[in-house]
Amino acid sequence: MNRDRLRGRPSRTGWWVVFVGLIASVTACQGPFPQTTFEPVSRFGEIADGLFMTIFWFGVLVFVLVEGVLIVTLIRFRAKPDAEDPKPVYGHTALEITWTMAPAIIIAFIAVPTIRAIWEEAADPGADALRIEVVGHQWWWEYRYPEYGFISATELHIPVGRQVSLELTSADVIHSFWAPRLGGKRDVLAGRTNRIVFTADSVGEFLGQCAEFCGSSHANMRLKVMVDTQSDFDEWVALQTSGPAPADSLTELQSRGLEVFRTIRTPASNSCIACHAVTGISGGILGPNLTHMASRTTIAGGILANTEENLRAWLRDPAAVKPGQGSEGPNGGIIGMPNVGLTEEEIDALVAYLQTLR
Ligand code: CUA
């Protein structure tokens, strides 16, 4: 064995690697992190965060013990010029029992809080929980409020302090609902209802997104949970349960937009009303319900601010904004919003009309 090599000092390159690694790990800790799980705003979030920290500290303990023994061994038994070869240890029963039992005990310490956390967050919702049906679509989220009888999209409004039960299903492929500060992610499957139950304890806007690859715009399947005060929530519900502005109150341009919206095109799947519902005007269910789309802060599955300019770009060429829009699905259907070939005049009118849908 080459004893000179064993005694070698770390090279200059080695020190550089350590230095760059330290800088990288420190700079990686700069915020903001809107989707952090370390600042939970619900009991579910706290359970997950608490469990993570418990396991983290067990990990630290094991790391310190193992590395400590390793370092002591390295120093104490390092090669010396005239040392004898070390004596191997065979069949040490006490040692073998110890290193079998120690991990078993550690795993028991981790298993108990883990199982407790699973039971707690999987408990049935209370009788007065707010039930919301969440439907995943390629690539946007639909929210149905059976208690109030309306349907919304992309932005999930809930009242602070009231338990909510999200009942998750998919209209197509597998998605996964994840609003990290409110609770753990959960798969969203067609033909099955999964559930997330939580109670938000802070008012605010909390971001989330689909967490299961679901096609070319998976990364653009965002969501926002708006945790409102009870009075803001009541106000929002009152708005959502009201109808759109009456047709006779529309300006000429807005009326023209309504006409564009109702036009049956060729093929019929290129008509706005084939997919989008607006109370009293159409009942399409393939795309987001637009009855109150102007009251949302974002469009296009949450990737664009709801501005006139963005709306225009979206209507002009959806696939340019969000990849995969209008592509053919596996069963011959169309995924997302196709480019229906609107003229600039039609876009102007449609934008004016859509902005009345408050
Ligand atoms: Cu839906 Cu990824």
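(A) Structural view of the overall build of the chain. In terms of helices and strands, the chain carries ten helices and 16 strands. Over its C-alpha trace the chain gives a radius of gyration of 29 Å, far above what one expects of a compact globule, namely 21 Å for 358 residues. For the chain, the proportion of contacts with a sequence separation of at least 24, taken over those separated by at least 6, is 64%. In the structure as shown, the chain presents an accessible area of about 20,700 Å², 62% of it carried by carbon and sulfur atoms. Considering the chain, the positive charge centre built from 29 side chains and the negative charge centre built from 38 side chains are found 11 Å apart.

(B) Here's a closer look at the confidence of the model for the chain. Mean pLDDT over the chain works out to 89, with 97% of the residues at or above the 70 mark. Ranking the elements of the chain by mean pLDDT puts helix α1 (residues 3-6) last, at 49, and strand β6 (residues 175-177) first, at 97.

(C) Quick peek at the sheet that holds strand β4 (residues 155-159). Ordered in space as β4-β10-β9, the three strands form an open sheet in which the pairing is mixed. Of all strands in the sheet, those bounded by a partner on one side alone are β4 and β9 (204-209). The sheet shows a mean angle of 25 degrees between the axes of neighbouring strands, taken without regard to direction.

(D) Quick peek at the layout of surface pockets. In this structure, the largest pocket encloses a volume near 990 Å³. If you trace the largest pocket, you find 45 residues lining it, with Trp140, Leu286, Gly287, Gly336 and Met337 closest to the centre. Among the elements of the structure, α7 (272-275), β13 (298-299), α8 (308-316), β16 (334-335) and α10 (344-354) are those that each provide at least two residues to the lining of the largest pocket. Residue contributions to the lining of the largest pocket peak at three residues, all from α8. When the residues that make up the lining of the largest pocket are grouped by side-chain class, the tally is 27 nonpolar, 15 polar and three charged.

(E) Looking closely at the packing of aromatic side chains. The final tally for this structure, using the stated rule, is 13 aromatic pairs. Between the aromatic rings of phenylalanine 52 and phenylalanine 56, the centroid separation amounts to 6.3 Å while the plane-to-plane angle is 15 degrees, which identifies the pairing as stacked. Remark: phenylalanine 56 and phenylalanine 52 occur in helix α3 (residues 43-76); sequence separation between them is four residues, near one turn of the helix. Ring geometry for phenylalanine 56 versus tryptophan 57: centroids 5.1 Å apart, planes at 75 degrees, classification edge-to-face.

Reading the values: rules and limits
- Residues numbered from 1 in each chain as written.
- Predicted model: local features only at pLDDT ≥ 70, side-chain atom pairs only at ≥ 80, totals over all residues.
- Heavy atoms only, no water.
- Helix = DSSP H or I, 4+ residues; strand = E, 2+ residues; numbered from the N terminus.
- Rg over C-alpha atoms; globule rule 2.2 N^0.38 Å.
- Contact = heavy atoms within 4.5 Å.
- Areas by Shrake-Rupley, 256 points an atom, 1.4 Å probe, with all protein chains shown as cover.
- Lys, Arg positive; Asp, Glu negative; His and termini not counted.
- Charge placed at Lys NZ, Arg CZ, Asp CG, Glu CD.
- pLDDT = per-residue confidence, 0-100.
- Pairing = 2+ DSSP bridges.
- Axes fitted to C-alpha atoms, helices over the stretch in contact; angles between N-to-C directions.
- 1 Å grid on protein atoms, 1.4 Å probe; cavity = no way out; pocket = protein on both sides within 12 Å on 5 of 7 lines; lining within 4 Å.
- Points joined across faces, edges and corners; volume = space filled by probe spheres on them.
- Nonpolar A, V, L, I, M, F, W, Y, C, P; charged D, E, K, R; others polar.
- Phe/Tyr/Trp six-rings, centres within 6.5 Å; stacked < 30°, edge-to-face > 60°.

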